[in-house]
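Breakdown of the fold
These are the residues of each chain, in order.
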Amino acid sequence: MAGLCLSLTEATIEENLRLIKKNKPFVDLCELRIDYLKEEEHGALPLFPEQAGLPVILTLRGRDQGGLFEGDGRDFDRICTRALRGNYSYVDIDSTLDAPETENLCGKRGITIIRSVHDFTGIPENCGELLRRLPKHSGEIPKIACMIATTADLFRLRRIGAESGHSRQIIIGMGDFGIPTRLLPDRFGSMLSYSTAGTAAAAPGHLPPEKMTNLFRFREIDPETKLFGIIGNPVLHSKSPEIHNPGLKAAGLNAVYIPFPVDDPELFFTRIRDLGGRGFSITVPHKVRTAGTLARRDKAVDAIGSCNTAVWNDRDREWIGYNTDAAGFYGPLKGYADVHGRKIQGAAVIGAGGAARAVVYALRQAEIETCVVNRTEENAEKLAAEFGIPWAGLNGEGKELVHRYSDLIVQTTSVGMTPDTEGDPWPDFRFSGDELVYECIYTPKYTTFLSRAKESGCDVITGDRMLRCQAEEQFILFTGKRLNT
Ligand code: ATR
């Protein structure tokens, strides 16, 4: 199983040792980035491995490779050969650097050389060949870290790793699109993943080791681990991993749920089976596109025109698309109505985008009289026509319409979402205080709109309830079990 390395980028040995102490339970080894260390700390380098109590990689990364070291091979040799009086396990040497004394010493002392290439612009043209030829001597570990910016890059990097012929190698995709390579190194042919806990991330995309271990189950992943996740762009802010991973763990499943920034969902669904992908949540901006591309879909996907879940069907060897947004919206509403003994007869939906479609569909399925009001009247009219319901703009006519359908008001626009939390989709709308108001935004939990409703005396349902409920539905589709956390 791949190891987890803590990259140490603090300016003093003391500060780095403090980070080790805090993160020891989560990592297998550490990398001392001496290009980040103050020069006056260099005298203490030989003692560091004993103090660390973990295998240590000694790294002095040059400027052209993303580090802070400005010297040449001779400076490198001078600093490293002094440090190597200590008991270091590995030395990372940039492939562009000539460091004969360090290499010699490593040979004599049995210290493993990591021969590395970093490319912050993308995957080098000849990356496969570069990786194959990287080790200068037998026993060296080749390391390639390159920036990846597309779904195609992610799978290309995987192929390069799979075809290198090396039994030990380190393959890393930097940047947001490379996050899966950091969370699933084994599946990208890499023996190691790096993380940072200190103030400066040692490379783009580093995650804290505690998060990798506790949330993303890094140390529990093996070849049998079932892979689930969420695709979107951007997607790293998603709260879904915090719902699904504890659920998978509580259900005793050998499975993990990770974020995949994706720009090409068709390619993703074609290739992710190679990594063992079994089920994915789909978020902005891929829900509509995926609804149109998966051959098999449930009826909610067709009715809403949007797919937020795809599950691999082993028997038929194909992806099946589902939409759990509608059920996720309806669950908390039904819960509220049951508890409060309140019958919802009329509902007004603010907004006419993708979220509104799922909400209108769910309300009509539940036979609740529904109307839609929206800033752009054509969009309201279009959505209303599909479902045969009344519509209006966000104006006087809209207010009258809403008052006639106002057992429930559902806010489906993105106005008021973090970071623009001041936003209010309909600032001059006044609540009577009798409406039940349901907000689809979950960050913040109380938007300006929902807070106004609450202050007017309305009962409210917050967006986190909908998020949770749609995830519960997904969890059942993914695992056949109930989400129990
Ligand atoms: P989603 O798929 O998340 O619902 P969307 O399709 O972009 O997102 O829909 C956004 C909805 O928010 C639309 O109804 C949009 O109104 P328009 O049809 O007039 O664009 C609504 N919206 C966006 N910004 C708004 C604003 N400042 N005030 C009111 N409504 C707004």
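Residues numbered from 1 in each chain as written. Predicted model: local features only at pLDDT ≥ 70, side-chain atom pairs only at ≥ 80, totals over all residues. Heavy atoms only, no water.

To continue, consider the overall build of the protein. A count of helical and extended segments in the protein gives 18 helices and 20 strands. Taking the principal axes of its C-alpha atoms as reference, the protein extends roughly 85 × 50 × 40 Å. The buried share of the protein, taken over its 485 residues, is 54%. For the protein, restricting intrachain contacts to residue pairs at least 6 apart in sequence, the fraction spanning at least 24 positions comes to 67%. (Helix = DSSP H or I, 4+ residues; strand = E, 2+ residues; numbered from the N terminus. Buried < 20%, exposed > 50% of the residue type's maximum accessible area, 1.4 Å probe, protein only. Contact = heavy atoms within 4.5 Å.)

As a further point, take the packing of aromatic side chains. What the rule picks out here adds up to 16 aromatic pairs. Pairing Phe260 with Phe268 gives two aromatic rings, centres 5.2 Å apart and planes at 65°, and the pair type is edge-to-face. Phe268 matches Phe260 in its accessibility class, with the two residues each being buried. Through a chain of ring-to-ring contacts, three or more aromatic side chains come together here, namely Phe155, Phe260, Phe268, Phe269, Phe280, Trp312 and Trp319. Over the ring of Tyr194 we find Lys143; its NZ or CZ atom is 4.2 Å from the centre of that ring. (Phe/Tyr/Trp six-rings, centres within 6.5 Å; stacked < 30°, edge-to-face > 60°. Lys NZ or Arg CZ within 6 Å of the ring centre and 35° of its normal.)

Attention shifts here to the sheet that holds strand 15 (residues 346-350). Spatially, 17-16-15-18-19-20 is the arrangement adopted by the six strands of the open sheet, whose pairing is parallel. Two strands in the sheet have a free side with no partner beyond their single neighbour: strand 17 (391-393) and strand 20 (459-461). For this sheet, the mean inter-axis angle between neighbouring strands, taken without regard to orientation, is 20°. Pairing geometry for strand 15 and strand 18 (residues 408-411), over four bridges, is parallel. Bridge pairing in strand 18 links Ala347 to Leu408. (Pairing = 2+ DSSP bridges. Axes fitted to C-alpha atoms, helices over the stretch in contact; angles between N-to-C directions.)

Okay, the packing of helix 14 (residues 354-365) against helix 15 (residues 377-387) next. Closest axis-to-axis distance for the helix 14/helix 15 pair is 11 Å, and the angle between their directions is 30°. In terms of orientation, helix 14 and helix 15 fall into the roughly parallel class. For the pair helix 14 and helix 15, the crossing hand works out as right-handed. Listed contacts from helix 15 to Ala356, Arg357, Val360, Tyr361 and Arg364 of helix 14 are Leu383, Glu386 and Phe387. (Parallel < 35°, antiparallel > 145°, perpendicular 65-115°, else oblique. Left-handed = near helix turned anticlockwise from the far one by under 90°.)

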